[in-house]
Each structure stands twice: as C-alpha cells, then as structure tokens.
Amino acid sequence: MHLIQNNVDAVISASTLRVSLHPLTLAYTGKHRPLEPRFREAYFSNSLDHLRRCKLYAILFFSIFGVLDAYVFPQQKFHLWFIRYALVCPVFLVGMVFSYSDAYRRLWQPINAFYIMVTGFAYVAMVVITPAPESYFYGVGIIFCVFFGYTFIHARFITASVAGLFVVGGYQAAMMWQMDASGVIQLIFGAHFLGINLLGMLICYSIESQQRKNFFLNHLLEKEKSKTDDINRSLEKRVESRTAALQQINRDLHKEVLERKQAEARVRASHVQLESILDSIDTDIHVSDMETRIILLANRHMKQTYGSAIVGQTCHHVILGRDTPCHQCRNHLLLDENGRPGDGCSWEEKNPVNGRWYINYARAIVWEDERIVQLRVATDITALKEMEARLQRSRKMEAIGTLAGGVAHDLNNILSGLVGYPELLLMEIPEGSKMRKIVETIKKSGEKAAIIVQDMLNLARRGVSVTDAIAINRVVQDYLDSPELASLKSAHPQVAIGADLAPTVLNIVGSPVHLGKTIMNLVTNAAEAMPEGGQITISTRNCYLDRPLLGFETVPEGEYVRLRVADTGIGIAASDLERIFEPFYTKKKMGRSGSGLGMAVVWGTVKDHRGFIDARSIQDQGTVFDLYLPITRQDVEQEAEALPLDRYRGAGESVLVVDDIKEQRDLAAFMLKRLDYRVNTVASGQEAVRFVRKMPVDILVLDMILTPEMDGLETYRQILAVSPGQKAIIASGFSESERVLETQRLGAGRYIRKPYRLEQIGLALQEQLAAKERNTPLGDGKRT
C-alpha cells in the first residue's frame with residue numbers, strides 16, 4: 001500500500017479516524033499495530049528516490065558555500081574546506097551509494113539522523129575554528145541543517161528530534177565557550193535556537209502524524225472498496241438473475257426479430273452468392289431496364305471490359321459507344337404476345353468500340369421490383385474467330401497442297417525432258433553453234449519451270465528441303481541484280497527501289513531460291529501498290545528479341561535476321577491485311593496482275609524456314625513486312641564449280657530404273673548410258689522385284705511415286721528380302737517425306753529431285769556405288 005494524498009480527510013475530520021498512535025514515537029499501537037510494518041515499508045518506498053536527490057542537493061549546497069569560506073576566512077579556508085569536502089561531502093556520497101543496497105532499507109532512519117548530526121557538527125566545528133564574531137553566521141547553517149532534517153529528508157519524528165537536539169546542544173556548548181557575552185545574552189541566544197529546534201520538531205511531528213493518518217485512511221478506503229466490490233458482486237448476481245428473467249421474456253420477441261433477420265440475411269447471402277457466381281464467370285453479363293436501357297447490374301468481367309462505372313449508364317452507350325438506342329435492338333424479341341418474358345435469342349456481332357467478336361444471349365426476366373428487364377450474356381469469341389480464320393486458311397492451303405500434290409509429279413515428269421534432253425544435246429553441240437543458244441534457252445526455261453513447281457510445293461508446305469547456310473544479303477543482292485527486278489522497274493518507272501543492308505548480318509539456314517522468290521513477291525506487290533510512284537526499301541538487320549513480339553503474329557524471343565520490305569504506297573486496309581496471306585485472296589484482276597498465290601507463297605516459305613512475319617500498314621502512308629528468320633552460326637559454303645563428265649562417269653555397272661512414266665524411264669536410261677552404265681528399266685514395283693530375283697543389279701534408281709498398291713518404299717522392302725544389301729538411290733518429283741526417310745533408313749542412298757540433271761544423278765550413283773565397294777568384303781562390287 002502506498003501513501004496517497006487524497007481529499008477524503010476534507011470530509012471526514014481527523015478526530016473521527018480514531019487511529020491509535022504512540023504519543024512520542026508516533027508508531028501504530030493497539031489494534032492498529034499490524035499497520036506499522038506496512039507503513040514503514042510504504043514510507044521507505046515512497047521516500048527512496050527523494051532521499052537520493054536530497055543527498056545530491058546537500059552535496060551541491062554544502063560545496064557552493066565553500067566559496068564564501070575562502071572570501072570571509074581566507075586564513076582558515078583550508079580547514080573549512082577539509083570539513084566540507086573531505087568529511088561531509090564524502091559521507092553523503094557514501095550514503096548515496098549505500099542506498100542501493102538491501103541493508104539500507106533497515107538502517108535508513110538512523111542514517112538520516114547520522115546525516116543531520118554530521119552536517120550540524122560540521123557547522124559547529126566551523127564556528128569553533130573561525131574567529132568571532134564573523135563565525136556566528138555559521139549558526140544559520142545550523143538552522144538550515146536542522147530544518148533540512150526535520151522537513152526535507154523524510155526523517156521520522158523520533159529520529160530527527162534526537163539528531164536535532166544533539167546538534168543544537170553541541171552548537172550551544174560551542175557558543176558558550178566561544179561567545180564573549182554576558183550570561184543573559186547567551187541565555188537569550190540559546191533559547192532562540194532551542195525554540196527554533198522545537199518548532200522544527202513540531203513540524204516534523206505534524207508531518208509524520210498526517211502521513212500516518214493518510215496511510216490509515218487509505219487502509220480504510222481499501223477495506224471499504226473490498227466491501228463495495230462484494231456488494232457489487234452480490235448486486236451483479238441479483239441483476240443477472242433478473243436479467244435472465246428479462247431475457248426469457250425477450251426471447252420470444254428476439255426470436256421473431258431473428259427470424260426476420262435470418263430471412264433478410266438469406267436474401268443478402270443469396271444476392272452475394274449470385275454476385276460471386278456472376279463475378280467468377282469470365283463473360284460479360286449485365287442486366288438493363290428494357291424501357292430506359294439503363295444498366296442495373298454488371299459482373300466483374302464486364303466492368304473490366306467497359307469500365308467500373310457502367311452501372312447507371314445506358315447499354316448502347318457503354319457497349320456500342322452510341323448516344324441513341326440501337327436500330328437492331330432485340331428487346332421486342334424477348335417478350336411474348338402478352339408482354340411477358342418469352343424465349344431468349346442469340347446472335348454474333350463485332351463490337352465497334354473494342355473491335356472484338358461476341359456471341360450474345362439475351363432473355364427477359366422479372367426484376368426484384370416486378371419490372372421486366374433484359375439479362376444479356378456476351379461471350380468473347382475473338383480467339384475462336386481467329387482459330388476459324390486460321391482453320392479456313394489451313395483448309396485453303398490444304399486444298400492448294402492437294403492440287404500441287406496432284407500435278408507436281410506429272411509436271412516434274414514433263415519438265416524432265418525440258419531439262420534433261422537439252423543437257424544431253426549441249427554435250428553434242430559444239431561451242432559457237434547457233435543451235436547451242438537455243439538449246440540453252442530451252443534448258444533454262446525448263447529449270448525456271450521446275451522452280452515454279454517447287455513454289456507450288458512450297459505453298460503446300462512440302463517443298464523446302466535445302467538446309468545450307470546462306471547469306472541473306474547475297475540473296476537480296478542477287479534479286480537486285482536479277483532480270484526480274486529490271487523488268488519490274490521498266491513496268492513501274494515511277495517507283496524507286498533501294499536497299500539498306502547491314503554489313504554484319506548473320507547467316508540463316510534455308511533456300512536462296514525460295515527466299516529470292518519471297519523478296520520478289522513482296523517487292524512486286526509493293527510496286528503495284530504505288531500507282532503514283534514512291535519508295536521501296538529492302539533492309540536487313542540482326543535482331544535479338546528478349547521478350548515475345550506481339551504483332552501480326554507472335555514472334556518468340558530469340559536471335560533473328562530481320563528482312564524488311566517497306567513501301568510508301570497506298571497501304572492495306574485492316575480487313576484486307578488480316579486475309580492477305582490467304583491463297584487466292586487478291587484485290588488485283590486475276591490472270592492479269594496476280595494469281596492470289598504470291599503472298600501465300602511468302603507465308604509458306606517463311607514457315608518452312610521456321611520464321612515469323614509481322615505485317616503492319618497505314619492507308620495512304622505505306623506498308624511494312626518484317627520477316628524474322630532464325631540465325632545460324634554456320635559459315636556459307638563456297639559455290640561448287642561444274643564438274644567435268646569424267647568425275648562422275650560410271651564404269652559399266654548395271655542400273656535398274658524403276659519408274660511408272662515411260663518418258664522418265666527413257667530419259668533416265670539415255671542419260672545413264674551416256675555415263676557408261678548398263679541400264680534396264682521397269683514400269684512398276686512388282687516388275688522390279690521379279691527382275692532383281694532373276695537378274696541382280698548393282699544399283700536401283702527408284703521412283704517413290706508408283707502405283708498405289710506398291711510404292712517405292714514397299715518395292716525396296718521386297719527387293720531387300722530378295723537381295724539383302726541392295727543399293728539404291730531415290731528419285732521423286734516431291735520433296736523429302738517420311739516415306740523417303742524410311743527408305744533411306746532401310747539402306748537406300750541419296751534422294752534426288754526430278755527433273756533429272758546429268759551431274760546430279762551421276763554423283764548420286766557414284767557415291768552409293770563407292771559406299772557399296774567399301775562395305776563389300778569380297779568381289780569387285782559388280783553384279784552379273
């Protein structure tokens with residue numbers, strides 16, 4: 001319990017407290033004796049910090065007055081300073097340190113008395129050692145010391161009184177010995193000091209007695225508080241009992257209120273659940289008034305699409321950006337003949353605000369206030385539309401592929417004569433003959449026609465098989481130097497065509513012929529898009545994408561060579577740009593300036609090179625096509641010079657030509673005989689198996705496209721069963737296919753594409769026969 005000053009004694013007089021105190025020591029007596037230890041403990045706890053500060057104050061003031069000693073008593077100043085700084089101040093310092101020990105709690109009152117006496121007798125000593133009458137002013141220090149002990153350091157009355165009497169007595173004895181005055185003066189002087197001491201004792205007595213009464217009052221207050229708490233607990237129990245009765249009375253009322261709240265909560269929960277369900281659907285859903293067309297409710301996805309503040313606005317303004325209702329509004333279709341909700345309706349439309357396609361489903365429903373409203377669900381089908389477009393494009397490409405597959409083999413067979421026979425004729429025509437130029441023209445025309453067939457195969461995604469490293473700048477430069485570009489410039493003299501080729505462009509893997517054709521198609525389209533003239537620029541750059549590029553199509557991150565064809569022409573409308581790579585899609589007059597296949601060939605070529613296209617155009621400003629082609633670290637091989645005939649001439653080996661086209665068999669036989677081979681020909685796989693069974697041959701020239709019952713792969717399988725290890729080379733008007741690769745895995749050699757060229761077929765035979773000789777441990781490698 002702490003000593004607390006309160007205002008209760010202002011109401012209750014001290015006489016009514018009836019506390020029992022010893023008249024001299026002021027200790028609690030009688031029935032209040034048990035309070036004494038608690039009082040002393042509380043008195044000490046409340047006084048400890050104050051006592052420590054008092055010691056500091058005493059040291060401070062006692063030290064400061066040492067300056068006055070030096071001024072008044074210069075001869076005795078060292079004696080006085082010794083008393084002050086060597087005796088008294090150290091005592092207070094030691095006492096302060098001691099106050100932090102446990103023993104101080106038991107001895108603090110005797111120590112207080114000791115402080116009073118040490119300080120007081122120090123002043124008495126100063127009076128004795130200094131000359132009169134100036135020494136008398138130290139009597140003031142005695143008074144200061146006594147009153148400091150009685151009032152300031154919380155000394156108990158009995159402790160302070162004993163110490164004060166000793167100090168005053170000692171001072172009186174010193175003055176009687178020191179003062180040269182009559183007995184009456186000394187009596188008066190002593191009586192005053194004694195009176196001052198008694199006044200201090202009365203003050204100390206009053207302070208302690210008041211502290212003890214306050215402590216006793218606090219004790220009584222705590223007892224009363226405990227009683228009050230008991231009464232409160234009793235009252236609380238009675239209140240609880242009565243409250244229980246009231247609660248029982250109110251339960252019926254609460255039950256009714258609760259049922260109503262539960263019903264409201266169910267409605268709110270249902271509403272929240274409905275909103276949660278609607279917000280979880282990644283489709284635009286909204287409810288609008290059918291008369292005012294104001295949106296009453298919208299889900300999260302619709303707010304994300306059209307804005308968070310759409311509720312309260314009209315549907316035609318939010319969705320279509322119109323200030324007036326739509327002419328094709330379908331509200332009337334949602335009601336029956338009685339004006340009540342009827343069947344729903346659905347439709348597809350492209351939103352003019354965001355340019356996306358939606359399938360809409362609308363139905364009339366009854367709203368919470370009984371009015372009829374429209375519920376509309378709009379699903380974004382833009383991706384589906386794009387997939388449909390890609391599917392249509394794929395089907396068109398498949399149709400072109402079917403067309404190309406149906407005619408390519410026959411065209412290549414026809415072209416074989418235009419390429420092969422002129423080559424043989426050139427071997428017979430001497431240099432300088434007029435006929436040689438004609439035959440060379442026929443041969444070049446056949447080779448160009450073969451390239452066109454390869455373009456058709458490329459369009460069908462079946463044609464590019466060249467995997468050599470090429471320099472794209474060389475391809476561009478070859479086109480810039482080509483007669484095709486010269487012809488284009490003469491047809492469009494108002495168009496300037498230039499190039500901006502980066503000198504350090506990396507190599508790519510692909511076909512120079514097909515890429516050259518791609519560049520030609522792009523430049524031709526650009527020139528035809530500039531009737532008033534303009535600029536076409538072909539540029540190349542190394543390009544590293546550290547993140548996907550979102551354009552006409554998504555270009556993945558990676559290292560590319562970017563081939564750009566840009567023009568300043570009339571541009572391409574957005575609707576046309578979306579379809580520009582579709583086969584047969586053209587704005588030109590068919591048969592005059594375009595067939596509709598040029599851009600489809602561009603698309604197929606880029607895809608065969610594992611590349612990507614980004615196309616962008618602004619009408620009346622121009623168009624840019626960027627082709628992203630993956631780079632390679634391979635070096636470009638030097639172009640091989642034409643080999644002399646002796647380098648690939650045969651040595652009389654036997655060759656069986658298997659081809660279902662007579663012209664192809666005759667051409668191959670004629671060419672192989674010129675290469676000194678012994679040649680036989682058959683028209684089907686069955687005939688080839690029978691021939692090899694009767695007469696083994698050194699090597700086969702096997703066409704892959706034979707009768708459906710037995711193609712080149714099946715023919716080779718059956719021949720291997722008859723003649724294990726039989727060598728063969730593969731010929732076809734198509735590019736390499738999985739069946740070609742399977743035939744090569746069985747042991748066949750190089751694949752050559754029709755139309756035949758003498759060097760091409762000669763080298764292929766020589767390579768395969770040399771492999772045979774290396775792998776045959778016995779014999780000279782010939783069959784008889």
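Just so it is clear, the model here is predicted, and its values are computed rather than measured.

Peer 1: Just to check I follow, could you spell out the overall build of the protein chain for this structure?
Peer 2: Helices and strands together make up the secondary structure of the protein chain, namely 21 helices and 19 strands. Within the protein chain, buried positions represent 42% of all 784 residues. Carbon and sulfur atoms make up 58% of the accessible area of the protein chain, which totals about 42,600 Å².

Peer 1: So what exactly am I meant to see when it comes to unusual backbone geometry here?
Peer 2: Excluding glycine, most residues fall at negative phi; most peptide bonds, likewise, are trans. Positioned with a positive phi, R610 is a non-glycine residue whose angle comes to about 60°. You can see R610 is positioned in the loop between α16 (598-608) and β13 (612-618). Phi at D620 is positive, roughly 70°, even though this residue is not glycine.

Peer 1: Can you help me understand the sheet that holds strand β1 (residues 284-289) in this one?
Peer 2: Strand pairing in a sheet takes place through backbone hydrogen bonds and is either antiparallel or parallel in direction. Within the open sheet, the 5 strands sit side by side as β2-β1-β5-β4-β3. Their pairing is antiparallel. The open sheet is flanked by β2 (295-298) and β3 (345-350), the only strands paired with a single partner. Going from strand to strand, the sheet's axes swing by 25° on average, the running direction of each strand aside. As paired strands, β1 and strand β5 (residues 372-380) are joined by 6 bridges and run antiparallel to one another. Directly across from V287, in β5, lies its bridge partner L375.

Peer 1: In this structure, what is going on with the pattern of salt bridges? I would like to understand it.
Peer 2: Two side chains bearing opposite charge may form a pair once their charged atoms approach each other closely. For the coordinates displayed, the defined rule picks out 29 salt bridges. Close ionic contact of R212 with E36 constitutes a salt bridge, the shortest N to O distance being 2.7 Å. In this pair, R212 is assigned in helix α7 (residues 183-280) and E36 in helix α1 (residues 35-64), connecting sequence segments 176 residues apart. Take R212 and E36: they sit in the same class, and that class is buried. Notably, a salt bridge pairs R300 with D282, separated by 3.2 Å at the nearest N-O pair. Highlighted residues: R300 in helix α8 (residues 300-306) and D282 in the loop between α7 and β1, separated in sequence by 18 residues. Exposure remark for R300: the relative accessible area of 29% places this residue in the partly exposed category.

Peer 1: Even after reading the chapter, I still don't get the pairing of strand β12 (residues 558-567), so can you show me in this structure?
Peer 2: As a general feature of sheets, a regular strand has side chains that alternate between the two faces. Where burial is concerned, most of β12 is hidden: 8 out of the 10 residues are buried. The sheet contact formed by strand β9 (residues 534-545) and β12 spans 10 bridges and is antiparallel. The residue of β12 that forms the bridge with S539 is R564.

Peer 1: Where do I start with the sheet that holds strand β15 (residues 654-658) in this structure?
Peer 2: Spatially, β16-β15-β17-β18-β19 is the arrangement adopted by the 5 strands of the open sheet, whose pairing is parallel. A single partner strand is all that each edge strand has here, and the edge strands are β16 (678-682) and β19 (751-753). Put simply, the sheet's adjacent strands are angled 20° from each other on average, direction ignored. Direction of pairing for strand β17 (residues 699-703) relative to strand β18 (residues 727-732): parallel, over a ladder of 5 bridges.

Peer 1: What's the story with a nonpolar patch on the surface in this structure? I'm lost.
Peer 2: Nonpolar side chains collect at one region of the surface, where L56, Y57, L60, F61, I64, F65, L68, Y71, V72, F137, F144 and F152 lie side by side and expose about 1,100 Å² of accessible area between them. Contributions of two or more residues to the nonpolar patch are made by α1, α2 (66-72) and α5 (138-152). When residues in the nonpolar patch are grouped by element, the largest group, 5 residues, is from α1. Position of F152 relative to the elements: it lies in helix α5. Overall, F152 belongs to the partly exposed group, its relative accessible area being 32%.

Peer 1: Any chance you could explain the packing of helix α18 (residues 685-694) against helix α19 (residues 712-722) here in plain terms?
Peer 2: If you want to describe how two helices pack, look at the angle between their axes and the distance between the axes. Packing of α18 against α19 brings their axes to within 9 Å, and their N-to-C directions diverge by 15°. Taken together, the axes of α18 and α19 are roughly parallel relative to one another. The hand of the α18/α19 crossing is right-handed. Of the residues in α19, those in contact with G685, A688, V689, V692 and R693 of α18 are T715, Q718, I719 and V722.

Peer 1: Looking at this structure, I do not really get the packing of aromatic side chains. What am I missing?
Peer 2: Two numbers describe a pair of aromatic rings. These are the distance of the centres and the angle of the planes. Considering all chains together, one arrives at 16 aromatic pairs under this definition. Measuring from ring centre to ring centre gives 5.3 Å for F39 and Y43, while their planes differ by 15°; the resulting arrangement is stacked. Residue F39 and its partner Y43 are located together in helix α1, separated by 4 residues, close to a single helical turn. With a centroid separation of 5.5 Å and 75° between ring planes, the pair formed by F39 and F215 is classed as edge-to-face. Here F39 is found in helix α1, whereas its partner F215 is found in helix α7, with 176 residues between them in sequence. Classification of F39 by relative accessible area gives buried; the value is 0%. The buried category is assigned to F215, whose relative accessible area is 0%. Every member of this aromatic cluster is reached through a ring pair, and the members are Y28, F39, Y43, F44, F98, Y104, W108 and F215. The lysine or arginine in question, K385, covers the ring of W357, its NZ or CZ lying 4.6 Å from the ring centre. A cation over a ring is seen here: K607 above W603, with NZ or CZ 4.9 Å from the ring centre.

Peer 1: I keep staring at helix α12 (residues 472-480) and nothing clicks. Help me out?
Peer 2: For α12, the set of buried residues is I472, N473, V475, V476 and Y479. Summarising the axial view, the buried residues of α12 lie within an arc of 160°, below the 170-degree limit, and thus occupy one face.

Peer 1: Looking at this structure, I do not really get the side chain of H50. What am I missing?
Peer 2: Summarising the element assignment, H50 is placed in helix α1. When residues no more than four places from it in sequence are discounted, the contact partners of H50 are F152 and H154.

Peer 1: Sorry, what's going on with α19 here?
Peer 2: Because an α-helix packs 3.6 residues into every turn, residues spaced three or four apart end up facing the same way. Listing the buried residues of α19 in full gives G712, L713, T715, Y716, I719 and L720. Buried residues of α19, seen end-on, are gathered within an arc of 160° and therefore sit on one face of the element.

Peer 1: Even after reading the chapter, I still don't get the confidence of the model for the protein chain, so can you show me in this structure?
Peer 2: In low-pLDDT regions, the fine details of the predicted coordinates are not to be read closely. For the protein chain, the average pLDDT comes to 81, and 86% of its residues sit at 70 or higher. pLDDT under 50 marks residues 773-784. Its contacts with residues more than four places away, or in other chains, come to 16 contacts.

Peer 1: Hey, could you run me through the side chain of T623 in this one?
Peer 2: By the secondary structure assignment, T623 is in strand β14 (residues 622-632). By relative accessible area, which is 3% here, T623 ends up buried. When residues no more than four places from it in sequence are discounted, the contact partners of T623 are V565, A566, D567, G571, I572, R616 and S617.

Peer 1: Mind showing me how you'd approach the packing of α12 against helix α14 (residues 512-528) here?
Peer 2: The N-to-C vectors of α12 and α14 enclose an angle of 55°; their axes lie 9 Å apart at closest approach. As the angle between them shows, α12 and α14 are arranged oblique. Crossing geometry of α12 relative to α14 is assigned as right-handed. Along the contact surface, α12 presents I472, V475, V476 and Y479, while α14 presents P512, L515, G516, I519, M520 and V523. The residue inventory of the contact of α12 with α14, partitioned by class, reads 9 nonpolar, 1 polar and no charged.

Peer 1: Help me out: how do you make sense of the pairing of β3 in this one?
Peer 2: Residue alternation in β3 divides its side chains into a buried set, C345, W347 and E349, and an unburied set, S346, E348 and K350. The hairpin formed by β3 and strand β4 (residues 357-366) contains 6 residues between the paired strands, and G355 there has a positive phi angle of roughly 70°.

Peer 1: How do you make sense of the environment of G170 when you look at a structure like this?
Peer 2: The topology assignment puts G170 in helix α6 (residues 157-178). Residue classification places G170 among the buried positions, given a relative accessible area of 18%. Sequence-wise, G170 and V124 are 46 residues apart; in three dimensions their C-alpha atoms are separated by 7.0 Å. Residues in contact with G170, not counting those within four places in the same chain, are F121 and V124.

Conventions used here
Residues numbered from 1 in each chain as written. Predicted model: local features only at pLDDT ≥ 70, side-chain atom pairs only at ≥ 80, totals over all residues. Heavy atoms only, no water. Helix = DSSP H or I, 4+ residues; strand = E, 2+ residues; numbered from the N terminus. Buried < 20%, exposed > 50% of the residue type's maximum accessible area, 1.4 Å probe, protein only. Areas by Shrake-Rupley, 256 points an atom, 1.4 Å probe, with all protein chains shown as cover. Pairing = 2+ DSSP bridges. Axes fitted to C-alpha atoms, helices over the stretch in contact; angles between N-to-C directions. Salt bridge = Lys/Arg side-chain N within 4 Å of Asp/Glu carboxyl O. Patch = residues over 30% accessible without salt bridge, like charges linked within 9 Å, V, L, I, M, F, W, Y side chains within 5 Å. Parallel < 35°, antiparallel > 145°, perpendicular 65-115°, else oblique. Left-handed = near helix turned anticlockwise from the far one by under 90°. Contact = heavy atoms within 4.5 Å. Phe/Tyr/Trp six-rings, centres within 6.5 Å; stacked < 30°, edge-to-face > 60°. Lys NZ or Arg CZ within 6 Å of the ring centre and 35° of its normal. Arc of directions from axis to C-beta. pLDDT = per-residue confidence, 0-100. Nonpolar A, V, L, I, M, F, W, Y, C, P; charged D, E, K, R; others polar.

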